[in-house]
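# Report on the structure
Residue strings, one per chain:
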Amino acid sequence: MRYTFTAVSIILFLTVSGAPSFGQNAGGAAKTYSLIPGLDKSLMDTSADPCTDFYQYACGNWSKLHPIPSDAPYSDQFYNLDQYNRQVLRNILVRAAKTDSARDANTQKIGDYYAGCLDDSAIQVKGFSVLRPELDRIDHLTSKSQLPELLAHFQLINVDAFLGFGSQQDFQDATKTVAVASQSGIGLPEKDYYLRTGAKDEEIRKQYVQHVTNVLKLIGEPDAQAATDAQAIMKLETALAKVSLDVTAQREPHNVYHWMPKKDLRALAPVLNWDQLFASTGSPAFAELNVAEPDFFKGLNDIIAQTDLAVIKPYLRWHLAESLPGTVLPKALDDEKFDFYGRKLVGTPEQEARWKRCVRSTDGALPEALGKAYVEEQFPASSKERAVAIIHDIEAAMDRDLSSLDWMSPETKARAREKLHLIANKVGYPDKWRDYSKLEIVRGDAFGNTLRATEFESHRQLAKIGKPVDRNEWITSTPTVNAFYNPSMNDINFPAGVLQPAFFDSKQPDSVNYGHIGLFMGHEITHGFDDQGRQFDGHGNLKDWWTKEDADKFTSKSQCLVDEYAKFVVGDTHLNGKLTLGENTADNGGLRLAYMAFIARAAQEGIDQKSKSTDGYTPAQQFFIGFAQDWCSDWRPELERLIATTDPHSPDRFRTNGVLVNMREFSDAFSCKIGQAMAPAKACRIW
Ligand SMILES: [Zn+2]
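Quick notes on the rules
Residues numbered from 1 in each chain as written. Predicted model: local features only at pLDDT ≥ 70, side-chain atom pairs only at ≥ 80, totals over all residues. Heavy atoms only, no water. Helix = DSSP H or I, 4+ residues; strand = E, 2+ residues; numbered from the N terminus. Rg over C-alpha atoms; globule rule 2.2 N^0.38 Å. Buried < 20%, exposed > 50% of the residue type's maximum accessible area, 1.4 Å probe, protein only. Contact = heavy atoms within 4.5 Å. Areas by Shrake-Rupley, 256 points an atom, 1.4 Å probe, with all protein chains shown as cover. Lys, Arg positive; Asp, Glu negative; His and termini not counted. Charge placed at Lys NZ, Arg CZ, Asp CG, Glu CD. Pairing = 2+ DSSP bridges. Phe/Tyr/Trp six-rings, centres within 6.5 Å; stacked < 30°, edge-to-face > 60°. Lys NZ or Arg CZ within 6 Å of the ring centre and 35° of its normal. Salt bridge = Lys/Arg side-chain N within 4 Å of Asp/Glu carboxyl O. Axes fitted to C-alpha atoms, helices over the stretch in contact; angles between N-to-C directions. Parallel < 35°, antiparallel > 145°, perpendicular 65-115°, else oblique. Nonpolar A, V, L, I, M, F, W, Y, C, P; charged D, E, K, R; others polar. Disulfide = S-S within 2.5 Å.

## As for the overall build of the chain
Within the chain, the regular secondary structure consists of 29 helices and 12 strands. What you see for the chain is a C-alpha radius of gyration of 25 Å, in line with the 26 Å of a compact globule of 687 residues. Of all 687 residues assigned to the chain, the portion counted as buried reaches 61%. Taking contacts inside the chain between residues at least 6 apart in sequence as the whole, the part at least 24 apart equals 76%. Summed over its atoms, the accessible surface of the chain is roughly 25,400 Å², and 52% of this surface lies on carbon and sulfur atoms. In the chain, 76 positive and 91 negative side-chain charges are present, and the distance between their average locations comes to 0 Å.

## Focus: the sheet that holds strand β8 (residues 484–486)
Read from one edge of the open sheet, four strands run β1-β8-β9-β7, paired in mixed fashion. Looking at strand neighbours, the two that pair on one side only are β1 (9–10) and β7 (424–428), the edges of this open sheet. One ladder, built from three bridges, connects β8 with strand β9 (residues 491–495); its direction is antiparallel. Each bridged residue has a counterpart across the sheet, and for N486 the counterpart in β9 is D491.

## Here's the deal with the packing of aromatic side chains
Each aromatic ring pair is characterised by the separation of its centres together with the angle its planes make. As enumerated under the stated definition, the model contains 46 aromatic pairs in all. When the centroid spacing of 5.7 Å and the interplanar angle of 70° are considered together, the rings of Y74 and Y79 count as edge-to-face. Overall, the relative accessible area of 12% leaves Y74 in the buried class. With 5.0 Å between their ring centres and 55° between their planes, F503 and F520 make a pair best called tilted. With a gap of 17 residues between them, F503 in the loop between β9 and α23 (510–527) and F520 in helix α23 connect regions that are remote in the sequence. Take F503 and F520: they sit in the same class, and that class is buried. The structure contains a cluster of three or more aromatic residues connected by ring pairs, namely F54, Y57, Y514, Y595, F598, F623, F624, F666 and F670. The ring of Y429 has K384 lying over it, and the distance from NZ or CZ to the ring centre is 4.7 Å. The ring of F529 carries the charged tip of K419 above its face, separated from the ring centre by 5.5 Å.

## Details of unusual backbone geometry
With omega at 5°, the peptide bond leading from P501 into A502 counts as cis. Relative to the helices and strands, A502 resides in the loop between β9 and α23. At F162, a position not held by glycine, the phi torsion is positive, near 65°. The topology assignment puts F162 in the loop between α8 (147–156) and β3 (163–169). The phi angle at S671 is positive, at roughly 50°, despite the residue not being glycine.

## Section: the pattern of salt bridges
Evaluation of the coordinates by the stated rule reveals 46 salt bridges. In this structure, R132 and D136 form a salt bridge, with 3.1 Å as the shortest nitrogen-oxygen distance. With R132 and D136 both in helix α7 (residues 132–139) and four residues apart, this pair spans about one turn of that helix. One salt bridge connects R434 with E368, and the closest N-O pair in it is separated by 3.3 Å. You can see R434 sitting in the loop between β7 and α22 (446–462) and its partner E368 sitting in helix α19 (residues 367–378), a full 66 residues away along the chain. In this structure E368 comes out as buried when scored by relative accessible area, which is 5%. It is possible to trace a salt-bridge network through shared partners that takes in E368, R434, E457, R460, K464 and E473.

## Description of the packing of helix α24 (residues 548–566) against helix α25 (residues 581–604)
The geometry of α24 relative to α25 is characterised by a closest axis approach of 10 Å and an angle of 105° between their N-to-C directions. By the angle between their axes, α24 is roughly perpendicular relative to α25. Across from S558, L561, V562 and Y565 in α24, the residues of α25 making contact are L581, N584, T585 and N588. Across the contact of α24 with α25, the residue classes break down as four nonpolar, four polar and no charged.

## A closer look at the state of the cysteines
Following the criterion strictly, the structure yields four disulfides and no others. Linked covalently through their sulfurs, C59 and C632 form a disulfide whose S-S length is 2.1 Å. Across the disulfide from C59 to C632, rotation about the S-S bond amounts to roughly -80°, and the bridge is consequently left-handed. On the criterion of sequence distance, the pair formed by C59 in helix α2 (residues 54–59) and C632 in the loop between α26 (619–630) and β12 (633–635) is long-range, its members being 573 residues apart. What makes C59 buried here is its relative accessible area of 5%.

## Regarding the pairing of β9
Burial within β9 is extensive, with five of its five residues counted as buried. Burial of β9 is two-sided: the residues D491, N493 and P495 facing one way and the residues I492 and F494 facing the other way are all buried. The pairing of β7 with β9 spans five bridges and is parallel. What sits directly across from G428, in β9, is P495.

Listed below in structure tokens is the structure:
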């Protein structure tokens, strides 16, 4: 189920954590992770010329000092902090799992969920029997008319076969939560994976069909049957891909918002009894909904009508096995899933240790129960105060920046300023924690716990349909190492997990903090004014507040960034300048805002911009090195290709150099001459 169908923009890619990950191994478990300082000279390659390749200068030693572990597809600052956090969470969970003293209700739940997940041998003893009731539901299908009830149940346990159904904040009226039906049902990362030509894509498709075959065999199909079914599933998913919107088109809010009465959906896709499907999920009744991609549903109708039940049944079995987390499934299936999604697709040699996967799944299942314990242990009130103060500085910088723009009319400026002042800041953790009293977690029942937690969350999301939006709700868990802007809420989100070194430390100089976390804050605020976010007003409604002339100027200024990033190449792939436009806009605007805020703060505190600190750098140089070190990383080529083709974020070295070439303040700080690689004569600027 696609719970919250919003155009949430994040600071870094999440693709990897979305892929199934499985299997137990010895590797990866031994290394202990520690926090990296905000300005780490050991990461720098000072033999490189900062005016030729600043990323190399600031991050050239990253790969040597932080090589990609065998159980990961990449290594970067986010990865390091996430691993550090998982150690902290593990300690909390190990204590919570102890049954020798009285535990409060939430401690029992997180402790027993974690203990159940860790108990590999109990999971192996149960083996494939845990899947039997779900497979029986598929086996008992005798007619397509029974599909709605089954698909509804699958939605509740997060098996997105054929489609997704859930709730979302209404694009037209951001005070309301509405129902949404959306495209889904393919197992490769994106539409184009089914359609692109070229040796690499053909190889992935061949490996995918083999993987589907292997999974079908493991869950009980005879060998020859599994091979035939996998081919038919590939054909079916290719048909679904053809009628789906691609990732770039999905970024345009109007492309994924089609408000209609239920009867219009019935007319669009009569093959499914929609009333029965929606009612079977237990969702509140509704008369109208967002059918996000009408062409998909029209196509889906023909696909289901023309596909034999003898093909639909293995398709459903495959998606069941693909969607359920590997940690609670038999090892053979877990390993097979890792082999394709981990090894082949993103190039990771080994599965993560079980404890790491169990920490992540407990965080996913009980985010606000574990999050509360995490905050009590790890997040001092002083961190929240300091982070909020930096955000206020950056908002003030945006206000000044808007006033100074020479291309925008006073009317649009006034509305932009109104939107800026309505941005809500969610920092650290929610004011009110979610109640899990109705969710039963049983020690020793890992599979059941996962299913119950998933259904609990699905019902919670569906129950919101028709209700007013709760603006205090958090959509991300507290320990998450990421940051978000949500255009429907018009809020920026900085969970406690990301407010730590290297990104933020109340003990490090302002220059370094503003370069690191200040960039993230500026980035998220700028998302409210990128090609996507600018279409929403300050209350979160999809409503045009631009004059025609200003909108045209915005689009033509954006084109400069589209062209700049489309020139960057990863392996055999050019970046998609349109897909990455929103993130690149946010990176460019974000760094400018962070720098303006830093200069103002430094002036207020009487920091001398000319003198070098004990580390040998001026405050401005510290700022830019701090910024660049946000993005120090090393990626496996398979992951880099996946990101370049499907992710709205540019690869890290371009997130660094691609932004700095547009900032004279940077070339001044390092005395680069116009015409050098990092100081081209032509610069792009929107905000
Ligand atoms: Zn972003």
